[in-house]
Structures are given as structure tokens and as C-alpha cells.
Amino acid sequence: MNGDDFLAEHARLTRRFFLQAGVAAAAIAPFGTVAAAETEAKGENKNDRPAPRAKPEKAGARGEPYFTPTEDFRDVSRGKPVPHSLPEEKLREVGLTRDTWRLEVISDPDKPAKLGKQLTRADDTALDFAALLKLGERHSVRFPKVMTCLNIGCPLGMGLWEGVPLREVAWLTKPREDLRRVFYWGYHNDDPKQMFRSSLPIGRVLEDPYDLPPVILCYKLNGQWLDAERGGPVRIVVPEAYGFKSIKWLTHLVLSNIAHANDTYGEQNNDVDSPLKTFAAVLAPPADPKAGEKIAVSGYAQVGISGLTKVQVSVEPADKPRPEGDPYFTTAPWVDAELLPAPTDWGALDGGRIPPQTHGFDSSGRPKHWPLRLTNAHWTAVLPALPAGKYVLRSRTIDEKGHAQPLPRPFRKSGHAAIESITFTVKA
Ligand SMILES: Nc1nc2c(c(=O)[nH]1)N[C@H]1C(S)=C(S)[C@@H](COP(=O)(O)O)O[C@H]1N2
Ligand SMILES: [Mo]
């Protein structure tokens, strides 16, 4: 098939899969990064490693709806046992069902914030699910966000997350002063060694910088109640952050006067102040290319905090030595790929439509611009015909500030941005 045919087919298949709400598909797992993800994740608790996945059968033509169906999210939860594997009876006992959930909101005993009151189980003032939904009637927000683990190369899933801004719950305690940070954790089998805690500066909770959505106590994903595997009944979702800030099975919020991050993830050498990066990866590597025929490739880009201007691809002979001192492949023969437009059918959502008042979308459910920050975009490219031989294909993003991937933040422990190299053979 030549490149033009591929483009046509890609467009047709893309259209088709967006029309088929709920098509079962793997969460985005680009060819070249599955193996890498396994190694990269080793820095984490071993439960944070994804299960090995089969390669997508026909990459690029994969019937993946834009929003990942809940059952296709990849799960990297910690816990022995993982809380969502507990039997229903136990879930009820520990408050992990909607009718038994309670949230304690307290002042930090070590570094107290001055609060008018605390919400505790002991005096029966802890917040319950009904009270949270009541706050939601006035304050609920929803926004699209890709959930990505800082230590895994590819996203775990694209979701439309819905809930109540964390600040609305913080305000219930009538804080007066000495409040600089919020930290929070979820159910962890009542075992202090299993606690997985994250934290935010209070400023981020009270005010949303630039055009970011608020940090939320999330109870819905893609229009459905948040299920136990995704952290239900209630989890935190931090729009611009990697997954570790979005604590699942939320049970405790602590308002504190500490001046620094105290995230469990920081103890594992991670950069806990790093917002999502922009990067590209290939989903459909060249399929059995023949000498003299154009070559089609396609993939996706994660649009980080700095946005996305374009995706580029490069192809070089595999045996050609790369110049020294060019770790970021700036001298590769980069050419622009084509960004696919926003989908018109959004898959996993009810009726395939974006509900009204969704952050980043207008009242008719169309994105205000494309691609949206903190979500995935898809791209395709047609490479010129090549002589028979072995080649290396790379893709990279250019963000809205003009930085080529992996800049401006190339270090691994602040999130994946390394440029992927995929070898392929052109047959005579
Ligand atoms: N309570 C709790 N919350 C947690 C975790 C955890 O192990 N326990 N893992 C975190 C990490 S490291 C990631 S990447 C995300 C993954 O979210 P997901 O399982 O919904 O994909 O959840 C975060 N929230
Ligand atoms: Mo993670």
C-alpha cells in the first residue's frame, strides 16, 4: 500500500474507531516503549510495574476510542492486597464504597495549621459521599487528562475526570493561618508501611494557575462512578501532575504548616515537583516496507504543560554513525508530521459526546483549540521511498516554547521524554 492509501485508510479507521463507542482496545502502548517501560518502572515499588502487554495487532489502525474505557486503563496500584481486590464486605468495612466512605480533614499534629474546625470520624464530622455530592451540585468540574506514571514511558489511560475542587473541602475547616501545604493519603490496609502519601502547596489548591483546571476530589471517570480499581469511591486528581499526585481510595487530608513536599514518591529518587512533559511516540511503525514505496507511520503525542506545536519524524540508516555530542538527535533529518484533528466522537463517553461545561470545550462540546494540554494528540507521517536496508525511525515533539524533545526537562526522574528509536528494514 502506498503512503497516500495509508493516510486514507488511517483517516477512515480513525473515524470508524471514534464512532464505535466502547470498542475494547489496549491502553496506549506504543511498540517501542513497552519493553523500556518494564525496565524504567523498576525504580518503583514492584507493584508499580505494568503487566506485560501484547503488541497491538495492527498499530495505527487500532480501534482505540479517544477516552480509554475504564477496563482498559493500566493499573499500577500498590498495596498487599491492592485495595480494589478486597471483597465487597471488606470494602464496606473500611469505607471504600460510596455509602460507607468518610474523609477526615485535620490539622497536622506536628506542624499545625490554625483551623476553625476539623472533620473527624471520632466526633462524627468526617465528610461523607452525600456531603461531597452536595458540594458537587454547586462546584463540580470536569476536565480531560491523560494519566501517566512518572516512571513508565507511555500513558496509562485518557480520562474525563469529574469531582469537587479540593479547596471547597479545605474551606470547610475554616482555616485562619499557618497553612502552607496539604498532604493526603488513601486506604492502605491499615499498615503504616504501605502508606502512599502525596502533597501540594496550598497555593495550587486555592488558585488555578494559567488556564489549568482545579485539583479535585474525583468521583466520576468518563461519566461513570469512579470504580475501585481507579481509586473509587474518591481519589485526588491533579490535572498537570504525573500519576503519583493523584492518590486513590482517599481517606485523609492534612492541612499543614510544613514548607516542603513530603511525598512518598520523593523517597524513591523521583522529582516530585515535575509537571507533565510533552513527548511523541510511534504507534504504527513501518509495516513491511518495500524499496521504492512510500512509508506510512503514525503515533501519538502526550501534550504536557508546555503544549505542542508539532511532531517531527526522522529516518537514518541504522549503520550510519551518529555525530558525537548530540544526545538529543538535533542533527537528525527531521521533517514535520501531520497532527490529526480533534475527534468528533469521543468514544467511551455517553453518546460519544463531551458533556456541557467541560474544561477546554465550548458549549457544543468542541475543543476550544487543539491539541489540548494534558491530553493525547495523534499524528501521522508519510516518509519518502527508501532503498533496501536497515533504518532507524525517531519521532519528537516541539512544544509551544519551541523546545525540541527531550528539552527543556530531559532528566528521567522527572518523567519520560527520551526520544524513541525504532529500527526497521526496507526489503528489496
Ligand atoms: N493510594 C494510592 N494511590 C495511588 C497509587 C498507589 O499505589 N496507592 N499509585 C499512584 C501512581 S504511582 C500512579 S502512576 C497512579 C496511577 O493511577 P491509575 O492506577 O488510576 O492508572 O495512581 C497513583 N495513586
Ligand atoms: Mo506511578
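Here is a short report on the structure shown in this document. Just so it is clear, the model here is predicted, and its values are computed rather than measured.

**Things to note about the environment of Phe183**
By the element assignment, Phe183 lies in strand S7 (residues 181–186). In this structure Phe183 comes out as buried when scored by relative accessible area, which is 9%. Counting along the chain gives 72 residues from Phe183 to Leu255, while the straight-line C-alpha distance between them is 6.7 Å. When sequence neighbours within four positions are dropped, the list of residues in contact with Phe183 reads Asp108, Arg197, Ser198, Ser199, His252, Leu253, Val254, Ser256, Ile258 and Asn262.

**Quick notes on the sheet that holds strand S3 (residues 127–128)**
With mixed pairing, the five strands of this open sheet are ordered in space as S3-S1-S12-S7-S8. Of all the strands in the sheet, the pair left with one neighbour each is S3 and strand S8 (197–201). Where S7 meets S8, five bridges bridge the pair, whose relative direction is antiparallel. Counterpart to Tyr184 in the pairing with S8 is Ser198.

**Thoughts on the sheet that holds strand S15 (residues 310–317)**
What the four strands build is an open sheet, ordered S16-S15-S19-S20; its pairing is antiparallel. Two strands in the sheet have a free side with no partner beyond their single neighbour: strand S16 (335–336) and strand S20 (421–426). Two elements, S15 and strand S19 (residues 389–398), share eight bridges in a ladder whose sense is antiparallel. Residue pairing for S19: Val313 is matched across the bridge by Ser395.

**Considerations on the nonpolar core**
If you look at the biggest cluster of nonpolar residues, it comprises 62 residues, and the most contacted ones within it are Leu103, Leu132, Trp161, Val169, Tyr184 and Leu217. For this core, the leading source of residues is strand S9 (residues 216–221), giving five residues. With sequence-adjacent residues up to four places away left out, Leu132 is seen in contact with Trp101, Leu127, Val164, Val169, Leu217, Tyr219 and Val234. In terms of nonpolar packing, the next biggest core, distinct from the first, is built from 21 residues, Ala280, Leu386, Tyr391 and Val426 among them.

**Some words on the pairing of S9**
By the criterion of burial, S9 is predominantly enclosed, with five of the six residues buried. Bridge analysis of strand S5 (residues 157–165) against S9 gives five bridges, and the strand direction is antiparallel. The partner of Val164 across the bridge, within S9, is Leu217. As paired strands, S9 and strand S11 (residues 235–237) are joined by three bridges and run antiparallel to one another.

**Points about empty space enclosed by the protein**
Within the structure shown, the criterion is met by four cavities of 30 Å³ or more. There is about 400 Å³ of room inside the largest cavity. Surrounding the largest cavity, 29 residues form its lining, Ser77, Arg78, Phe196, Ser246 and Lys248 being those nearest its centre. Each residue belonging to the lining of the largest cavity can be placed in one class, and the counts come to 12 nonpolar, nine polar and eight charged.

**A closer look at the site of ligand 1**
Around ligand 1 sit 19 residues, and of these Arg78, Arg230, Arg235, Ser246 and Lys248 come closest. Taking Arg74, its main chain carries an N or O atom lying 3.2 Å from an oxygen atom of ligand 1. When the free accessible area of ligand 1 is taken as 530 Å², the share hidden by the protein chains comes to 98%. Considering only residue class, the shell around ligand 1 consists of nine nonpolar, three polar and seven charged.

**A look at unusual backbone geometry**
Here Lys80 and Pro81 are connected by a cis peptide whose omega angle stands at -5°. In this structure, the amide linkage connecting Gln405 to the following residue, Pro406, adopts the cis form with an omega of 5°. For Pro406, the position within the fold is in the loop between S19 and S20. The phi dihedral of Tyr210 is positive, around 50°, even though this residue is not glycine. Turning to its location among the elements, Tyr210 is positioned in the loop between helix H6 (202–206) and S9. By relative accessible area, which is 78% here, Tyr210 ends up exposed.

Cut-offs used in this document
- Residues numbered from 1 in each chain as written.
- Chains lettered and ligands numbered in written order.
- Predicted model: local features only at pLDDT ≥ 70, side-chain atom pairs only at ≥ 80, totals over all residues.
- Heavy atoms only, no water.
- Helix = DSSP H or I, 4+ residues; strand = E, 2+ residues; numbered from the N terminus.
- Buried < 20%, exposed > 50% of the residue type's maximum accessible area, 1.4 Å probe, protein only.
- Contact = heavy atoms within 4.5 Å.
- Pairing = 2+ DSSP bridges.
- Core = buried A, V, L, I, M, F, W, Y, C linked by side-chain atoms within 4.5 Å.
- 1 Å grid on protein atoms, 1.4 Å probe; cavity = no way out; pocket = protein on both sides within 12 Å on 5 of 7 lines; lining within 4 Å.
- Points joined across faces, edges and corners; volume = space filled by probe spheres on them.
- Nonpolar A, V, L, I, M, F, W, Y, C, P; charged D, E, K, R; others polar.
- Near = heavy atom within 4 Å.
- Polar contact = N/O pair within 3.5 Å; in protein donor to acceptor, adjacent residues only side chain to side chain.
- Areas by Shrake-Rupley, 256 points an atom, 1.4 Å probe, with all protein chains shown as cover.

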